[in-house]
Amino acid sequence: MSKLLSPVEIPKLTLANRVVMSPMCMYEVKKEDGVITPFHLVHYGARALSKVGLVVIEATAVAPDGRITNQDLGLWNDQQQNELTKLIALIQSFGSKAGIQISHAGRKATDAITPLAPSALAFSDTYPMPHDMTLSDINNVQEAFVAACKRAAASGVDMIELHGAHGYLLSQFLSPLVNQRKDQYGGSLENRYRFVKEIVVAVRASFKGSLWMRLSLTDFEDEGRQNSIADWQQIGQWLEADGIDCLDVSTGGLLDKKPTIPIYDGYQVPYAAAMKQAVSIPVAAVGLLDNPALCEHILQTGEADLILQGRSLLNQVNWLAQAAVDLHDPTFTAYNGSYQRGMK
Ligand SMILES: Cc1cc2nc3c(=O)[nH]c(=O)nc-3n(C[C@H](O)[C@H](O)[C@H](O)COP(=O)(O)O)c2cc1C
């Protein structure tokens, strides 16, 4: 039996296997109302049928101007919540656990007329200039996070991931490159963490399920200018103390620049492994992990506890069935006998 395809218990969540569908925006909300469509039911339902342990729904915005584009999902009204409830029930009905990534795009909200950000620094020449958030804006966005997470909880999710990576609003606050505030939300690492901390503590008070945070552990900048690995380990420890159940470790997205680190299969795993050394909660790895043998190696060596699959699951819906064949794991059975006949 492989570790990859065998059940696992992590805090507040029992999964049939260690394969997690990574959150991926589909930009399929053509009506621009933030509401789940038949596309989302088929898209996520198919991954549940393929027995993904945990299906994480794409970045879903807490407010209209928190969307990356107007075709994103949102979770600020009853209609959005009602349709999410149906999607969650559908995913769970096939035996997968259902999660959602809750997000605010900050200065990367391309369709917002005046996006919000910790400081008035645009992402690039082609992005709108953001407005540096007042204390009242900070309070409003924090309340929007809490309200969206309450809606997610009411819709029946097993897991919520707060999007603290890829240069969206939470990661903008964490970074000294983008957060140049002079008040209690900027300056020292502790101050830059404050905006995230207040959200985590408030969400934790009401959400009883598994609460995750995604982080980018490098911005491809020179050491000394960006948060160091030691800084991220400190943030990981604070997040654990504040009630986060699992850390999902990614990289990049903060600045308008291509990765300067070498890109190879599993290239982000060393960052997950570094975080694992600092915390006692589970850590999830993501990024070019299409090869099942590599996934098994990461789990067996303890570099990470869970494996997120992104593009591989877009490309190959039944990735798990193929992984079972490749890993010679006879314990994995496909959804039904007919699907089983497809495994060879
Ligand atoms: C189409 C697409 C949309 C994405 N949208 C999101 C998103 O909504 N939230 C997020 O944290 N990452 C997003 N990502 C990044 C993926 O979750 C994942 O971290 C990345 O693709 C690397 O993993 P992979 O090599 O398995 O694809 C997206 C990636 C793709 C390809």
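Residues numbered from 1 in each chain as written. Predicted model: local features only at pLDDT ≥ 70, side-chain atom pairs only at ≥ 80, totals over all residues. Heavy atoms only, no water.

A separate point is the overall build of the chain. Each helix and strand counted, the chain has eleven helices and 13 strands in total. By the compact-globule yardstick of 20 Å for 344 residues, the chain fits well, its C-alpha radius of gyration being 19 Å. Principal-axis analysis of the C-alpha atoms gives the chain an extent of 60 × 45 × 40 Å. Split into buried and exposed, the 344 residues of the chain put 59% on the buried side. Of the contacts formed within the chain by residues at least 6 apart in sequence, a portion of 69% connects residues at least 24 apart. Just so you have it, the chain exposes about 13500 Å², and 51% of that area is on carbon and sulfur atoms. (Helix = DSSP H or I, 4+ residues; strand = E, 2+ residues; numbered from the N terminus. Rg over C-alpha atoms; globule rule 2.2 N^0.38 Å. Buried < 20%, exposed > 50% of the residue type's maximum accessible area, 1.4 Å probe, protein only. Contact = heavy atoms within 4.5 Å. Areas by Shrake-Rupley, 256 points an atom, 1.4 Å probe, with all protein chains shown as cover.)

Before going further, it helps to examine the packing of aromatic side chains. This structure, assessed with the given rule, holds four aromatic pairs. Here F123 and Y127 contribute two aromatic rings whose centre-to-centre distance is 4.7 Å and whose plane-to-plane angle is 65 degrees, an arrangement assigned as edge-to-face. For F123, a relative accessible area of 12% corresponds to the buried category. The ring centre of F332 lies 5.7 Å from the NZ or CZ of K51, which sits over that ring. (Phe/Tyr/Trp six-rings, centres within 6.5 Å; stacked < 30°, edge-to-face > 60°. Lys NZ or Arg CZ within 6 Å of the ring centre and 35° of its normal.)

Before going further, it helps to examine the side chain of S312. By secondary structure assignment, the location of S312 is in helix 9 (residues 311-315). Of the residues examined, S312 reaches a relative accessible area of 6% and is grouped as buried. Dropping the residues within four chain positions of it, S312 is found in contact with D290 and W319.

Following the criterion strictly, the structure yields eleven salt bridges and no others. D305 is paired through a salt bridge with K276; the nearest N and O atoms lie 3.0 Å apart. Taken together, the residues D305 in the loop between helix 8 (292-300) and strand 13 (306-309) and K276 in helix 7 (residues 269-278) connect sequence positions 29 residues apart. Several salt bridges converge on common partners, so that one network encompasses K12, R204 and D245. (Salt bridge = Lys/Arg side-chain N within 4 Å of Asp/Glu carboxyl O.)

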